[in-house]
Amino acid sequence: QVQLVESGGGLVQAGGSLRLSCVASGGDFKMYDMGWFRQAPGKEREFVAAISWIGGTTYYADSVKGRFTISRDNAKNTVYLQMNSLKPEDTAVYYCAAQIQGEVTAPQSYHYWGQGTQVTVSS
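Nothing here was measured: the structure is a model prediction, and the numbers come from that model.

**A few points about the pairing of strand β1 (residues 3-7)**
- Here β1 shows a clear split, with Leu4 and Glu6 buried on one side and none of Gln3, Val5 and Ser7 buried on the other.
- Examined bridge by bridge, β1 and strand β3 (residues 18-25) share five bridges and lie antiparallel to one another. Within β3, the position partnered with Ser7 by the bridge is Ser21.

Take a look at the structure:
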């Protein structure tokens, strides 16, 4: 029903920046809470950031607070993740996800997921 496509991943040196984009189609984008999650090899998928459709309230994991910024452009059906001051431990596959209602920090609350984009941070 809802399709999500991420882009913007790549290789960057520690301290550098990347901006991830996620374009949604097949649904009423402005009504969805949107989240970013990441998963490193051998580890569980973890919450990174989220933004609600109600007033654009944002949420961040402690590990990225102050470095990452989530935003959305409803006219373009797109959610962004601006990542600054990147660290090697940020290396992971990053996924965007959508939900209508639920706990925004819990991956179990999301029903729609993108295919992921690789972010690699070198030291």
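**Remarks on the pairing of strand β8 (residues 78-83)**
- Most of β8 is tucked away, with five of its six residues classed as buried.
- As defined by bridge partners, β3 adjoins β8 across six bridges and the pair is classed as antiparallel. Considered in β8, the bridge of Arg19 is made with Gln82.
- Here strand β7 (residues 68-73) pairs with β8 via six bridges, running antiparallel. Looking across to β8, one finds that Phe68 is bridged to Met83.
- Linkage of β7 to β8, two consecutive antiparallel strands, is achieved through a turn of four residues, within which Asn77 is found at a positive phi near 50 degrees.

What counts, and at which threshold
- Residues numbered from 1 in each chain as written.
- Predicted model: local features only at pLDDT ≥ 70, side-chain atom pairs only at ≥ 80, totals over all residues.
- Heavy atoms only, no water.
- Buried < 20%, exposed > 50% of the residue type's maximum accessible area, 1.4 Å probe, protein only.
- Helix = DSSP H or I, 4+ residues; strand = E, 2+ residues; numbered from the N terminus.
- Pairing = 2+ DSSP bridges.

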